[in-house]
Amino acid sequence: MTHVYIFNLIQALVCLYALTMGGWPERATAVILLFASVATIVLRFDPSTSFHSVETLELVIDLTLMFGLMAIALLANRFWPLWLAALHLLAVGIHGVKGLDPMLVPWMYAAAGGKLAYPMLLLLAAGVMRHRWRLARYGSDPDWTLPWRDIR
């Protein structure tokens, strides 16, 4: 259980960093990651029954997060959100693996998605650092590439 507290602390620090020092894509990513994390914490966890079949509510949270990350990846004037969305797509795919193979060991199902969250946080932190670097070097860093602005 200690690993959950450590992850929550790391996530809180990275998201606080993104909210205070990042541009709008970094802030939006931090907000949706925090909402997904809080929603997951609110879910009932019973070691005797959890992760023995597809966790439907967790899947709904992961799909909602996936759509949010995809929207940021499509609209942000950044490259890192594409990688973050791709990593989370793997986490969503783990639910599909459990659906196809109900004999998948519950702890493996639970751990597989959680392990992907660490590189996602690393990407967010790197995105904030790169944003700060571009601001220092160029004086500005456009947040969004809006496709409908260039329609003639």
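Here's what I pulled together on the structure shown here. None of the values given here were measured: they were computed from a predicted structure.

**Quick look at the packing of helix α1 (residues 2–21) against helix α2 (residues 24–42)**
Here comes step 1: For the pair α1 and α2, interaxial distance at closest approach is 8 Å and the crossing angle is 155 degrees. On the basis of the axis angle, α1 is roughly antiparallel to α2. Crossing hand, α1 versus α2: left-handed. Contact residues: α1 offers N8, Q11, C15, A18 and L19, while α2 offers E26, R27, A30, V31, L33, L34, S37 and I41.

**Notes on the packing of aromatic side chains**
Here comes step 1: Following the criterion strictly, the structure yields four aromatic pairs and no others.
Here comes step 2: Note on F51 and Y109: the rings are 5.3 Å apart at their centroids and 80 degrees apart in plane angle, and the pair reads as edge-to-face. Here F51 is found in the loop between α2 and α3 (56–75), whereas its partner Y109 is found in helix α5 (residues 106–138), with 58 residues between them in sequence.
Here comes step 3: Residues F79 and W83 carry aromatic rings whose centres are separated by 6.3 Å and whose planes lie at 70 degrees to one another, so their mutual orientation is edge-to-face.
Here comes step 4: For F79, a relative accessible area of 56% corresponds to the exposed category.
Here comes step 5: The ring of W24 has R27 sitting right over it, with the charged end atom 4.9 Å from the ring centre.

**Considering the nonpolar core**
Here comes step 1: Counting 29 residues, the largest nonpolar core has L33, L69, L84, M120 and L124 as the members making the most contacts within it.
Here comes step 2: Contributions of two or more residues to this core are made by α1, α2, α3, α4 (80–100) and α5.
Here comes step 3: Top contributing element to this core by residue count: α5, with eight residues.
Here comes step 4: Once residues within four sequence positions are removed from consideration, M120 is found in contact with L33, L69, L84, L87 and H88.

**Considerations on the packing of α2 against α3**
Here comes step 1: Two numbers describe how α2 lies on α3: the axes approach to 10 Å, and their chain directions differ by 180 degrees. In terms of orientation, α2 and α3 fall into the roughly antiparallel class. Across the interface between the two elements, P25, A28, T29, I32, L33, A36, A39 and T40 of α2 pack against I61, L65, G68, L69 and I72 of α3.
Here comes step 2: Grouping the constituent residues of the contact of α2 with α3 by class yields 10 nonpolar, three polar and no charged.

**Some thoughts on α2**
Each turn of an α-helix holds 3.6 residues, which means side chains three or four residues apart point in the same direction.
Here comes step 1: The end-to-end C-alpha distance of α2, which contains 19 residues, comes to 27 Å, matching closely the 27 Å that a straight helix rising 1.5 Å per residue would cover.
Here comes step 2: For α2, every residue scored as buried is listed here: P25, E26, T29, A30, L33, A36 and S37. The buried residues of α2 all sit within an arc of 135 degrees when viewed along its axis, so they share a single face. Facing away from the buried side of α2 by over 90 degrees, the exposed positions are F35 and V42.
Here comes step 3: In this structure, the buried residues of α2 make contact with α1, α3, α4 and α5.

**Topic: α1**
Here comes step 1: Helix length check: α1 (20 residues) gives 28 Å between terminal C-alpha atoms against 28 Å at 1.5 Å per residue, within 8%.
Here comes step 2: When we look at burial in α1, the residues that qualify are F7, Q11, V14, C15 and A18. Down the axis of α1, the buried side of the element spans an arc of 100 degrees, and every buried residue falls inside it. Away from its buried face, by an angle of more than 90 degrees, α1 presents the exposed residues T2, Y5, L9 and L13.
Here comes step 3: Tucked into the core, α1 has its buried residues touching α2 and α5.

Here is what the cut-offs are and how they apply
Residues numbered from 1 in each chain as written. Predicted model: local features only at pLDDT ≥ 70, side-chain atom pairs only at ≥ 80, totals over all residues. Heavy atoms only, no water. Axes fitted to C-alpha atoms, helices over the stretch in contact; angles between N-to-C directions. Helix = DSSP H or I, 4+ residues; strand = E, 2+ residues; numbered from the N terminus. Parallel < 35°, antiparallel > 145°, perpendicular 65-115°, else oblique. Left-handed = near helix turned anticlockwise from the far one by under 90°. Contact = heavy atoms within 4.5 Å. Phe/Tyr/Trp six-rings, centres within 6.5 Å; stacked < 30°, edge-to-face > 60°. Buried < 20%, exposed > 50% of the residue type's maximum accessible area, 1.4 Å probe, protein only. Lys NZ or Arg CZ within 6 Å of the ring centre and 35° of its normal. Core = buried A, V, L, I, M, F, W, Y, C linked by side-chain atoms within 4.5 Å. Nonpolar A, V, L, I, M, F, W, Y, C, P; charged D, E, K, R; others polar. Expected span 1.5 Å × (residues − 1). Arc of directions from axis to C-beta.

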